[in-house]
Amino acid sequence: MMLLTLLTAALLSQSPGTQPGAEPLPRRYALLVGANQGLTADTPLRFADSDARRVFTLFRDAGGLGTQDAQLVLDADAGRVRAALEVLRARMAREAGPADQLLVYVSSHADGDSLHLSGSQLPVKELVRFMEEAPVGVAVMFIDSCRSGAATRVKGLQPVEERLVQWSAPAIQGRVIVTSSSADELSQEADDLQGSYFTHHLLAGLRGAGDVTRDGRVTLQEAYTYAYGRTVESTLLTRAGTQHPAFLFDLKGQGELVLTAPVSASSRLVITVPEPGEWVVATEEGGMVLGVFSKGTGPVMLAVPPGGYRLRVRRDTSWLETRITVPERGVATVDGPLLRQGTLVARREKGEAPPDWRGGVSLGGSVATRTARGLGAALGVQGLVVLRTPVVPGVVDALSVTAARRSSDSDALASFRQTEWELRLGLGHHFKGKEGTIVFGPEVGGLLVLQSEDGKSWSGFAPYGGVGLSAWLSLEVVSVVVTGAAGFAAFPDASGTRFAPRLGASAGLGWIF
């Protein structure tokens, strides 16, 4: 307890520039890009712009970044990013030197070679070349996008697994690329975090959660290790699969690369509760989650903007919660007596948006209108498979296969029975809402009709065309699936071909992937 008291006192006594043996952060230039909209075929992102804004705010408050040295490009397209690059290039040519550093951050859609920015594409090589040519000692680029790991395949950058080693050069110099996923993985957003998994955990680590040495400064190694572990843990059970950040660098010099100094931030939050636990730090206004992190034993310092915050820590069968206000200049402390206890409740968040999905399979009961006079409605079972794929980008992004078996009896003849086998192929567009997903579009197919009476049987085939709809309501494990179809079938009869309206519906359970 005496050691904890001394550590807490040491943390609270720190002020900008007073930490023993600590050098001031270098001057930093920054390009920060966010683009929620990608190409036509890309599902719009929700938090790319806000992630870029949060990275700017953190490096301004605790990373040595001056507002005049930053280019923040939101709702970005390739033209605006290139213009921002030229502004930074000119400024650095006039003022930058080997002791300065460059930060590049991008959150957007991407493929293996280019960023997708509001209907335009920007080759990643342009950003890499900008980094390489910058007249600064160190340049670090963070790319939070799908398949961003391909950006690390650049000349001069070599993969490593061990910690940064010390070299004989007097100061660290070189280039670093950190990506949110490997070259063949999807990067993911989370509604509950109000941001992408990788950027959220990277920011939490840079705020101080990743400060393993508890010296009030977060190094590149500490930030990456924290963000990597938490991103893998958070995405382990998601439908899109585990996401593995990648880290390649070409650095020379002595010591470690410090990215942020929470101890130098004007407003700070210190958690002195000694027990380890899983903490959530969210703003009172808007409920934005600033950090979800595992705190070990001892105090933790976080650089946060001033304002009101709600803190919650998870225990085995309960949670502890408190509210606190962080001053504009100063430190707010959270200790044990401030926490109140509550009981865990199992519930599903109302309005929680279902995860995006690549396809689904369902099975349920089915009913269809009669095919001829004297027959009742056709009853049976139906199976449905839907696959997401960009057939016509922005217009057709789903394929469906529907198979059904139904039977119907005659209203007048007890010995008469009809069995029909139906197969429909469809194209459609998916619409994602708060409670689920709807797929709607045209279908074609046919019905194989088998009839029997008094031991005699005959068959016929009826082509079909119409429209189909399937609604997927996501639950915890399965989905409730309701489908409908409307069209016309061409039935053969004694007088030729008879076109009859055809309506069908089904309800059952489905599984999305």
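Residues numbered from 1 in each chain as written. Predicted model: local features only at pLDDT ≥ 70, side-chain atom pairs only at ≥ 80, totals over all residues. Heavy atoms only, no water.

1. As for the confidence of the model for the protein
Note the following rule: pLDDT is a residue-level measure of predictor confidence that goes from 0 to 100. Contacts are assigned to residue pairs that have any heavy atoms within 4.5 Å of one another.
Per-residue confidence for the protein gives a mean pLDDT of 81, with 82% of residues at or over 70. Across residues 1-21, where pLDDT falls below 50, the model places 26 contacts with residues more than four positions away in sequence or in other chains. The low-confidence segment residues 343-353, where pLDDT is below 50, has 16 contacts with residues more than four positions distant or belonging to other chains.

2. Description of the sheet that holds strand β18 (residues 300-303)
Worth spelling out the cut-off: Strands qualify as paired when DSSP identifies two bridges or more between them. Helix and strand assignments follow DSSP, with helices taken as H or I runs no shorter than four residues and strands as E runs no shorter than two, numbered in order from the N terminus. To get an axis, a line is fitted to the C-alpha atoms, and for a helix only the part in contact is used. The angle between two axes follows their N-to-C directions and goes from 0 to 180 degrees.
Read from one edge of the open sheet, three strands run β18-β15-β21, paired in mixed fashion. Each edge of the open sheet carries a strand with a single partner, namely β18 and β21 (330-334). Strand-to-strand twist in this sheet, taken as the mean axis angle between neighbours without regard to direction, amounts to 25°. Where strand β15 (residues 267-271) lies against β21, five bridges are found, and the strand directions are parallel. Bridge assignment links Ile271 to a residue of β21, and that residue is Val334.

3. Considering helix α2 (residues 48-62)
To be explicit about the condition: Given the number of residues in a helix, its expected span is that number minus one, multiplied by 1.5 Å. Only protein chains enter the calculation, and the probe is 1.4 Å; a residue is then buried if its accessible area is under 20% of its type maximum, exposed if over 50%, and partly exposed in between.
Helix length check: α2, at 15 residues, gives a terminal C-alpha distance of 21 Å against a target of 21 Å (1.5 Å per residue), a fit within 8%. Counting buried residues in α2 gives twelve out of 15 residues, a clear majority hidden from the surface. Those residues of α2 lying buried are Ala48, Asp49, Ser50, Asp51, Ala52, Arg54, Val55, Phe56, Thr57, Leu58, Phe59 and Ala62. Positive backbone phi, at 75°, marks Gly64, one or two positions downstream of α2.

4. Focus on the pairing of strand β1 (residues 28-34)
Where we set the bar: Orient the strands so they point away from the viewer, and a crossover whose first-strand-to-second-strand path over the helix runs clockwise is right-handed.
With seven of its seven residues buried, β1 lies for the most part within the structure. Of the two faces of β1, the one carrying Arg28, Ala30, Leu32 and Gly34 and the one carrying Tyr29, Leu31 and Val33 are both buried. Looking at chain direction, β1 and strand β3 (residues 101-107) are connected through seven bridges and run parallel. Its bridge partner being in β3, Tyr29 is matched across the sheet by Leu102. Note that β1 and strand β2 (residues 65-73) share five bridges and pair parallel. Among the inter-strand pairings, Ala30 is bridged to a residue of β2, identified as Ala70. For the crossover that starts at β1, traverses α2 and ends in the parallel β2, the hand is right-handed.

5. Some points on the packing of helix α3 (residues 78-95) against helix α4 (residues 124-133)
The cut-off we apply is this: An angle below 35 degrees is treated as roughly parallel, one above 145 as roughly antiparallel, one from 65 to 115 as roughly perpendicular, and anything else as oblique. Here the term charged refers only to Asp, Glu, Lys and Arg, the term nonpolar to Ala, Val, Leu, Ile, Met, Phe, Trp, Tyr, Cys and Pro, and the term polar to all other amino acids, Gly among them.
Put simply, α3 and α4 touch, their axes get as near as 11 Å, and they point 5° apart. As the angle between them shows, α3 and α4 are arranged roughly parallel. Here α3 contributes Arg82, Leu85, Leu88, Arg89 and Met92 to the contact with α4, which in turn contributes Glu126, Leu127 and Phe130. Class assignment of the residues belonging to the contact of α3 with α4 gives a composition of five nonpolar, no polar and three charged.

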